[in-house]
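Structural characterization, general
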Amino acid sequence: MPETALCPCPVRVPWEGGAVLRQRLPCRGGELLLTRYPLFPGISLTYRDVHAAAWEAAGEAGCLTIHHCREGRMEYRVDGRAYCLAAGDMAVLTHWEGETCFPTGHYHGVTVTLDPARAPDCLSCFLEDVDVRPQALMDRYCREGGCFVARSSPRVEHIFSELYTVPEGIRRGYLSVKLLELLLALSVWEGEPRPGGTPAQTRLVGEAEALLQERPEEHWTLARLSQRLGASPSLLQGSFRAVYGMSPGAFLRARRMRYAAELLRRSDESVLAIAGQLGYDNASKFARAFRQVMGVSPSDYRRGPDSCAPGSVHSGGDPLRTERKERGEGRRMAPSAKDLSQMVSGS
């Protein structure tokens, strides 16, 4: 069934198209574009392109939801804890509370929705030896509610990266095969999920965000920000890493460049003028900082498409690689033969 927005705006745009369903929805502070592929009975894959502060939507009761973040940030709450996905992260959950927020006002990613009541009992009817049972996945990941989050890694990237660059001629069949690969990998996935931020950590991070947003032009250090908030540097650092998976400094750099990205897309101001608004005295320094976060130059970003759906993804950069650099995870490496052999085994 189509997803329905609960935002206060009464405008509703019905699904359009045949096999591919597209919908543009107004959200708080912007809009959301959904590009949905119903691939199997009870199983669909949706590309989400967001330029908004938040979206309040009803989940599909009894369904398993799998999110992958390609670019930007997505924050949601499950059982009182805050979880934030950054580029390359994956989450598996059945429910969330209140609004889904986009702290940087910018998000691109994939969502898989699986309804065990409508899907076959076993997916081997689609491809022999894919012995995956949707209800077993529900029990494995969400028996007691909660949320499973896997941070960016070659293992996650191997499964999701090709979903964003599928040629049109083979798109539907290819997405179907990749979806079965994802569900098969999840059926044997091992490793402990990382907990989200506690209410206290979430409140502290929210206070820090408000201060950074109020005075983005100031040169904030961890010590200065901690002093203003009356918290120790280690507590602030740990809170940002629990909620966002990155340091306060990396978060601030990403936030400023996301703001610049919005200006590039939504205004006619020159790159030099936008650089000046962010405190840069020349366009070259700004372009270098922008590329480090966004993966492309300001000019290429302005010219590029605004969707992560196949056929419209940015070809000039890799947001995942730059996000992992912000986290200090080092250079992105292609999976080795051993890595690939472990994708399905879960070891």
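Another point: the overall build of the protein chain. Helix and strand content of the protein chain: 12 helices and 11 strands. Going through the 347 residues of the protein chain one by one, you find that 52% of them count as buried. Split by element, the accessible area of the protein chain, about 15,500 Å² in all, is 53% carbon and sulfur.

Once that is clear, we can look at the confidence of the model for the protein chain. Mean pLDDT over the protein chain: 77, with 79% of residues reaching 70 or higher. Here helix α12 (residues 337–345) stands out as the least confident element of the protein chain, with mean pLDDT 35; strand β10 (residues 107–114) is the most confident, with 94. Low confidence marks residues 1–18, where pLDDT is under 50. Its contacts with residues over four positions away, or in another chain, come to 38 contacts. Every residue in residues 313–347 scores below 50 in pLDDT, and together they form 79 contacts with partners more than four places removed in sequence or on other chains.

With antiparallel pairing, 4 strands are arranged side by side in an open sheet as β4-β9-β6-β7. Only two strands of the sheet have a single neighbouring strand rather than two, namely β4 (54–55) and β7 (81–85). The pairing of strand β6 (residues 74–78) with strand β9 (residues 97–101) spans 2 bridges and is antiparallel. Bridge assignment links Arg77 to a residue of β9, and that residue is Glu97.

Structurally, the position occupied by Thr65 is in strand β5 (residues 64–72). Ignoring sequence-local partners within four residues, the contact set of Thr65 consists of Ala91, Val92, Leu93, Trp96, Thr111 and Val112.

In the sheet, β4 pairs with β9 via 2 bridges, with the strands oriented antiparallel. Looking across to β9, one finds that Ala54 is bridged to Cys101.

Take the sheet that holds strand β3 (residues 43–51) next. Taken in spatial order, the 7 strands of this open sheet run β1-β2-β3-β10-β5-β8-β11, and their pairing is antiparallel. At either end of the open sheet lies a strand with only one pairing partner, and these are β1 (21–27) and β11 (147–150). Pairs of neighbouring strands in the sheet enclose a mean axial angle of 20°, with direction left out of account. Bridge count for strand β8 (residues 90–93) against β11 is 4 bridges, and the pairing is antiparallel. Paired with Met90 across the strands is Ala150, a residue of β11.

This part is about the packing of helix α7 (residues 248–266) against helix α9 (residues 283–294). The interhelical angle for the contact between α7 and α9, taken along N-to-C directions, is 105°, at an axis separation of 9 Å. It follows from the interaxial angle that α7 and α9 lie roughly perpendicular. In contact with Arg253, Ala254, Met257, Arg258, Ala260, Ala261 and Leu264 of α7, α9 contributes Phe286, Ala289, Phe290, Val293 and Met294. The residue inventory of the contact of α7 with α9, partitioned by class, reads 10 nonpolar, no polar and 2 charged.

What follows deals with helix α4 (residues 199–214). Given a rise of 1.5 Å per residue, 16 residues ought to cover 22 Å, and the 22 Å separating the end C-alpha atoms of α4 matches this to within 8%. When α4 is considered as a whole, its buried residues turn out to be Gln201, Thr202, Leu204, Val205, Ala208, Glu209, Leu211 and Leu212. Those residues of α4 that are buried are in contact with β6, β7, α5 (222–229), α6 (233–244) and α7.

Here we come to the pattern of salt bridges. Tallied over the entire structure, the rule returns 7 salt bridges. Where Arg133 meets Asp131, a salt bridge forms, and the shortest distance between an N and an O atom there is 3.9 Å. Here Lys178 and Glu181 are joined by a salt bridge, their closest N and O atoms 2.8 Å apart. One end of the pair, Lys178, and the other, Glu181, are both in helix α3 (residues 171–186), 3 residues apart, so they sit about a helical turn from each other. Under the relative-accessibility criterion, Glu181 is labelled partly exposed at 22%. Overlapping salt bridges, with partners in common, bring together Glu162, Lys178 and Glu181 in one network.

We now examine the packing of α4 against α5. Contact geometry of α4 with α5 gives a least axis separation of 11 Å together with a crossing angle of 110°. Taken together, the axes of α4 and α5 lie roughly perpendicular to each other. In this structure, α4 crosses over α5, and the sense of that crossing is right-handed. Each of Leu204, Glu207, Ala208, Leu211 and Leu212 in α4 lies in contact with α5, whose residues at this interface are Leu225, Arg228 and Leu229. Its residues assigned to classes, the contact of α4 with α5 comprises 6 nonpolar, no polar and 2 charged.

Rules and cut-offs
- Position numbers for residues count from 1 along each chain, tracking the sequence in the order it is written.
- Reporting in this predicted model follows two pLDDT cut-offs: at least 70 for local features of residues, and 80 or more for side-chain atom pairs to be given and counted; totals over whole chains, interfaces and linings ignore these cut-offs and use all residues.
- Side-chain measures were taken over the full set of non-hydrogen atoms in the model, leaving aside hydrogen atoms and water.
- We count a stretch as a helix when DSSP gives it H or I for four or more residues in a row; a strand needs E for two or more, and each element gets its number in order from the N terminus.
- With a 1.4 Å probe rolled over the protein chains alone, any residue whose accessible area is under 20% of its type maximum counts as buried; one over 50% counts as exposed, and the rest are partly exposed.
- Computed with the Shrake-Rupley method and a 1.4 Å probe, the accessible areas treat only the protein chains shown as cover for residues.
- Values of pLDDT, the confidence the predictor places in each residue, fall between 0 and 100.
- Pairs of residues are marked as contacts when any of their non-hydrogen atoms sit within 4.5 Å.
- Two strands pair if DSSP finds at least two bridges between them.
- Note on geometry: axes are C-alpha line fits, over the in-contact stretch for helices, and angles between N-to-C directions span 0 to 180 degrees.
- Oblique is the label for every angle not falling under 35 degrees (roughly parallel), over 145 degrees (roughly antiparallel), or within 65 to 115 degrees (roughly perpendicular).
- Gly is put with the polar residues, along with every residue not named as nonpolar or charged; the nonpolar set is Ala, Val, Leu, Ile, Met, Phe, Trp, Tyr, Cys and Pro, and the charged set is Asp, Glu, Lys and Arg.
- What a helix is expected to span follows from its residue count: subtract one and scale by 1.5 Å.
- The term salt bridge refers to a side-chain nitrogen of Lys or Arg lying within 4 Å of a carboxyl oxygen of Asp or Glu.
- Each crossing is labelled by how the near helix is turned from the far one, with a counterclockwise turn of less than a right angle marking it left-handed and a clockwise turn marking it right-handed.

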